[in-house]
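These are the residues of each chain, in order.
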Amino acid sequence: MKVIIFVLLAISAVRGVWYDNGNFYQIYPRSFMDSNNDGVGDLKGIAQKLQYVKDLGMTGTWLSPIFKSPMADFGYDISDYTMVQPEYGSMEDFEALIDKANEIDIKIILDFVPNHTSDQHDWFLRSVKREPGYEHYYVWHPGKVVDGKRVPPNNWVSVFRGSAWEWNEDRQEYYLHAFLKEQPDLNYRYQGVVDEMKNVLRYWMRKGVAGFRIDAVPYLFEIAPDSEGNYPDEPLTGSACPNPEDDCYTQHIYTQNQPETWDMVYQWRAVLDDYVNQTNSFARIMMIEAYTPLPNIKYIFTDGHGKEGAQIPFNFELISNVNGKSSAKDFKEHIDAWIDRLPEGYQNNWVMGNHDNKRIASRFELALLDVYISWENTIDPAGCRTNSTIYQQYSRDPVRTPFPWNDQKNAGFSNADKTWLPVSPDYKEVNVELQEKYTYSHLKTFRKLTQMRKNEKALQEGHLKMKLIGNDILAYERRIDGTKPSENFVIILNFSGNTHKVNIHQLFPQMSQIYKIEAQSLHITSHKEGDQIDGRNFEVKPNDAYVLRGEASKLYSYLIFFFTFLSAFFNIFVRS
């Protein structure tokens, strides 16, 4: 039930645009819905199930890459930015998806992958041949000769392990790849690349997309070469990561988070805003994936001098730094760390999960767990580039398995004999159809919370105050001054195995003494939703979570009635 933290913490500072107070859902196209029974999800499948996403309370959905790709990294290696991957469908299918989204009023956001292309992209093939205009599209270097042997330019390491440099026999040079060797890095110090990628953004906006989730932004720039064209070694991490094959072997001070990176974000935002102004169309949104130190977040929002960046730099604090063993104190520290760095006037966000991270143990929709994938059946390159002993530390396959719609064949995802990844073995007990039948379920609770956030002003704009009870309980209020008790909320979350008596009125004196339970953990049997409780002596048992709406006491209700009656009497019989 820790989903309550994410859904009800968001604070909006934006007014009058469609993404104000928005909820956003990621669709991994390969695993969402297969319409043609080839075992792979597709665009028609997404269109068929888009109403489900809308009914969850979502404002928009971002699709993991749908562009043409050899699939070395399942779409994050793009060979043509303006074509749809054939196994996902056609451009006509994409246009039909946009039409469906417009019909039900939900926005489609695309995953834009600007750091690298596929090594099968036409740009790379031309760059290999040194064709005029393409020589500098990628980061090339002749390397060094050591003891008569040619070696990479330096010690930079790929995210997927091993050297970040790959030798190209045709060009007789090394090229940089922060990820797979099949994903050569584009050179953003060359204006031709910058212009090409801006045109990609414009192309898809003309198709009707509402914005972009931008992938791997910290990697866009590496330090500029010195006067002799060389790049420095990065300092070693030391004993904490001694294996030179591992990404953590070096401190990435020259290959990530360069100052030029943030300026490129501002340039992309300007492209989006200019398009909106020139076409008099709806606002576009930019979401940034940036696993970067928190002090950098402010630069992704704005330069502080008039240049705007992303509306939503993804906040990964709660999926990267806390887990099932974390205390309430841990959660509060990471929540505070983000909020304290949020520039004034900008909007909060809380990321609940994605295709690169393990599922939350009580997955917010379905309590869906990661699926075990054997070493022999692993297909994610992050896992395949390791070995049978450690692959589970790296493989992302378990979180990308097909969506369980019902208890039929392949969980209702596909009628194929074999799906691209296996469905969860417990799909007969954990699926959408079954969750819909229950009076209370994770799915229904999540849907209720998102609807509350969309409809309750206090959960959008209300004052946020958080309190700890020891290390066990995190409590916070969402309140707007001058409003009725029933318009404000207190959220109580027990992260421990201990029972506590909580005096809510003592924690939040400006809130009510009496509360109504709006939502609670599924395991709770001592109360039910709709019950009224006394906030001065509220028992919170192990792992309990509650959303409480303020209720007026009988005395408060009597006084309101009395003064309303007195006012009416004065207006009718005295003033008249």
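Residues numbered from 1 in each chain as written. Predicted model: local features only at pLDDT ≥ 70, side-chain atom pairs only at ≥ 80, totals over all residues. Heavy atoms only, no water.

Student: Can you explain unusual backbone geometry? Please cite residues and give values.
Tutor: At Asn 21, a position not held by glycine, the phi torsion is positive, near 60 degrees. Assignment of secondary structure puts Asn 21 in the loop between helix H1 (3–9) and strand E1 (24–27). Not every positive phi belongs to a glycine, and Met 71 is a case in point at roughly 70 degrees. Inspection of the secondary structure assignment puts Met 71 in the loop between strand E3 (67–68) and strand E4 (80–84). Judged by its relative accessible area of 13%, Met 71 is buried. (Helix = DSSP H or I, 4+ residues; strand = E, 2+ residues; numbered from the N terminus. Buried < 20%, exposed > 50% of the residue type's maximum accessible area, 1.4 Å probe, protein only.)

Student: Got a sec to walk through the sheet that holds strand E9 (residues 165–168)? Specific residues and values, please.
Tutor: Ordered by their spatial adjacency, three strands build an open sheet running E6-E10-E9, and the pairing between neighbours is antiparallel. Since the sheet does not close on itself, it has two edges, and those belong to strand E6 (140–141) and E9, each with one partner. Bridge analysis of E9 against strand E10 (residues 173–176) gives four bridges, and the strand direction is antiparallel. In the strand pairing of E10, Asn 168 is matched with Glu 173. (Pairing = 2+ DSSP bridges.)

Student: So what's going on with the pattern of salt bridges? Residues and values would help.
Tutor: Counting across every chain of the model gives 28 salt bridges. Where Arg 269 meets Asp 273, a salt bridge forms, and the shortest distance between an N and an O atom there is 3.0 Å. Of the two residues, Arg 269 and Asp 273 both sit in helix H7 (residues 259–279), four residues apart, roughly one turn of that helix. A relative accessible area of 27% places Asp 273 in the partly exposed class. With its nearest N and O atoms 2.8 Å apart, the salt bridge here joins Glu 436 to Arg 447. Taken as a pair, Glu 436 in helix H13 (residues 432–437) and Arg 447 in helix H14 (residues 442–455) lie far apart in primary sequence, 11 residues in all. (Salt bridge = Lys/Arg side-chain N within 4 Å of Asp/Glu carboxyl O.)

Student: Describe in detail the domain arrangement of the protein, supporting the description with residues and values.
Tutor: Split into domains, the protein comes out as domain 1 (24–115 + 191–222 + 238–378), domain 2 (116–185 + 223–237) and domain 3 (456–557). Computed over C-alpha atoms only, the centres of domain 1 and domain 3 are separated by 34 Å. Every contact between the two is made by nine residues of domain 1 and, on the other side, eight residues of domain 3. A buried area of about 730 Å², summed over both sides, lies between domain 1 and domain 3, and 81% of it is on carbon and sulfur atoms. (Domains from an automatic or database assignment. Contact = heavy atoms within 4.5 Å. Buried area = accessible area lost by both parts, 1.4 Å probe.)

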